[in-house]
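The lines below spell out each chain.
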Amino acid sequence: MKKAAIISDSGTIDDHLGSNLPLEIVTDVLYRLPVKSLCRFKCVSPSWKTLISSPHFAQTHLHRSKANHHPLKAILFYCPFDLYSVDFADVNPTPKKLDHPSFKHMSVSRSLSSCNGLVLVSDKGYVNFLFNPSTNEYKELPAPFPEYSSDDVFYPPGLGYDSYTDDYKVVMPFSIEGRVPNDAAVMVVAVYSLKTNAWRTIQDFPYSPVGCRRVCFNERLHWLCRRTGGSDYSKVVVAFDLADEIFREVQMPASYDHEEFTHHDMVVLEGCLSLLVWSQAGRIDVWMMMEYGLRESWTKFLNVNLGSGRSILNVLCLSVQDELVFRLWEERFRVIGGRVEDDGEKLILSNLKKGTQREVVVPGILTKNVVGDHYIETLVSPNHGGRISETM
């Protein structure tokens, strides 16, 4: 039976003690450790580096982290260029700045999307990076199409994982403006494959995305869209299957008031695709699709009244399983230098089960022009087709 070294109480590697333990037990212990420790332990010996750097180890560690509901961390892009990691599970969250020279050249029009610990950082769709905040490894993606026009409109792309082909894919709808006078714009979809490191267009897209959030669920990327074909301009959830690369519609709840609830966002709550709808009057409804794809299974999970003069600007991320962080605006003004300025934006952490909200202050980060998402700490590398990271 294979033997291995183990970690002593002091945190060092004890080869003598490890000589009495099977490798299978030590491997099981390693699966339970955080990414930061695993990166350090790759330096213990060549055999440990080989073990921790294997794709099988990375996948098993990822699956166990998901099954054990490891805490989610937020990644925030603060105007205009700075990227931060924040743990909102802390009572007093402290931001950790994620420095990379490439982020300094991005514009204010940026977006974030995450999957299995990888974060897609996108600047208007023209410049895109895959970034692992836990290992600080990144990859700049090739330009979607060199022939794009400055009139073309790129919508925020989404990142997802296709287990059938073991590939990470970036999916980006964009509008091609008429290349000749009087031609109407055409919505198409570009797909990037990490395995091939190339983009391709797949089909026309008779929808116009609304909002910025893309949700990956059931290996499908979901956008909240408005129909554009014909005379029907109603809103619908559009799901892109990462395996067969076909779009399918997911119907909205039939019984909510479209006239009152004019704002929408999507998240995954308790293993269900969920829809947040809110009104200018400060009312929030949370709907959960209890059986995926079945419209009749939409169930109203929560109704919250934020009060008059308060409204959600956008949802940033999940903190834990049932807590959302969002930007809130309330009618509040102050005088600065003799000028009256709007001072009503704040970050709110809302516990959806308890129906409670509290303001969260992150030192050094104002709420204006902040976009965000959440991620789980993993060893997935953007430079190895989804394999484990080789760098600290």
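Structure's up top.
How each quantity is defined
- Residues numbered from 1 in each chain as written.
- Predicted model: local features only at pLDDT ≥ 70, side-chain atom pairs only at ≥ 80, totals over all residues.
- Heavy atoms only, no water.
- Helix = DSSP H or I, 4+ residues; strand = E, 2+ residues; numbered from the N terminus.
- Buried < 20%, exposed > 50% of the residue type's maximum accessible area, 1.4 Å probe, protein only.
- Contact = heavy atoms within 4.5 Å.
- Pairing = 2+ DSSP bridges.
- Axes fitted to C-alpha atoms, helices over the stretch in contact; angles between N-to-C directions.
- 1 Å grid on protein atoms, 1.4 Å probe; cavity = no way out; pocket = protein on both sides within 12 Å on 5 of 7 lines; lining within 4 Å.
- Points joined across faces, edges and corners; volume = space filled by probe spheres on them.
- Nonpolar A, V, L, I, M, F, W, Y, C, P; charged D, E, K, R; others polar.
- Salt bridge = Lys/Arg side-chain N within 4 Å of Asp/Glu carboxyl O.

(A) Molecular detail of the overall build of the protein. When you go through the protein residue by residue, the secondary structure sums to five helices and 30 strands. Relative to its 392 residues, the protein shows a buried fraction of 50%. Restricting the contact set of the protein to residue pairs at least 6 apart, pairs at least 24 apart contribute 47%.

(B) Representation of the sheet that holds strand 28 (residues 345-351) in the model. With respect to topology, four strands assemble into an open sheet ordered 24-25-28-29, the strand pairing being antiparallel. Each having just a single partner strand, strand 24 (310-318) and strand 29 (356-360) make up the two edges of the open sheet. Between one strand and the next, the sheet's axes are offset by a mean angle of 35 degrees, whatever the strand orientation. Summarising the sheet, strand 24 and strand 25 (residues 323-330) pair through seven bridges and their orientation is antiparallel. Across the sheet, Ser-311 pairs through a bridge with Trp-329, a residue of strand 25.

(C) Just the sheet that holds strand 6 (residues 110-115), in detail. The four strands lie next to each other as 6-7-8-9, forming an open sheet whose pairing is antiparallel. Both edges of this open sheet fall to strand 6 and strand 9 (137-140), since each of them pairs with a single strand only. Mean inter-strand twist for the sheet, computed between neighbouring axes without regard to direction, equals 20 degrees. Pairing geometry for strand 7 (residues 118-123) and strand 8 (residues 127-132), over five bridges, is antiparallel. By the bridge assignment, Ser-122 is partnered in strand 8 with Asn-128.

(D) Representation of empty space enclosed by the protein in the model. Throughout the structure, instances matching the rule amount to two cavities of 30 Å³ or more. Taken as a whole, the largest cavity spans an internal volume of roughly 70 Å³. What lines the largest cavity is simply Leu-276, Ile-284, Val-286, Leu-302, Val-304, Ile-312, Leu-324, Phe-326, Ser-350, Leu-352 and Gln-357. For the lining of the largest cavity, the elements supplying multiple residues, two or more each, are strand 22 (283-289), strand 23 (298-305) and strand 25. When grouped by side-chain class, the residues that make up the lining of the largest cavity number nine nonpolar, two polar and no charged.

(E) Looking closely at the layout of surface pockets. Reported here for the largest pocket is a volume of approximately 980 Å³. Considering the residues around the largest pocket, the lining is formed by 36 residues, among which Lys-66, Asn-116, Cys-216, Val-268 and His-374 are closest to the centre. The set of elements that each furnish at least two residues to the lining of the largest pocket consists of helix 5 (55-67), strand 6, strand 11 (158-162), strand 16 (215-217), strand 20 (263-269) and strand 30 (371-375). Considering each element in turn, the lining of the largest pocket owes the most residues, five residues, to helix 5.

(F) Representation of unusual backbone geometry in the model. Positive phi values are uncommon outside glycine, yet Asn-136 reaches one of about 65 degrees. Examined against the element boundaries, Asn-136 turns out to sit in the loop between strand 8 and strand 9. Looking at Asn-136, the relative accessible area reads 39%, which means it is partly exposed. Its identity as a non-glycine residue notwithstanding, Asn-218 has a phi of 55 degrees, on the positive side.

(G) Seen up close, the pattern of salt bridges. Counted by the stated rule, this structure contains 12 salt bridges. Residue Lys-300 pairs with Asp-285 through a salt bridge whose shortest N-O separation is 3.4 Å. You can see Lys-300 sitting in strand 23 and its partner Asp-285 sitting in strand 22, a full 15 residues away along the chain. Residue classification places Lys-300 among the partly exposed residues on the basis of a relative accessible area of 43%. Taking relative accessible area as the criterion, Asp-285 reaches 1% and is therefore assigned buried. Each of Asp-162, Lys-169, Arg-200 and Glu-245 takes part in one network of salt bridges that share partners.

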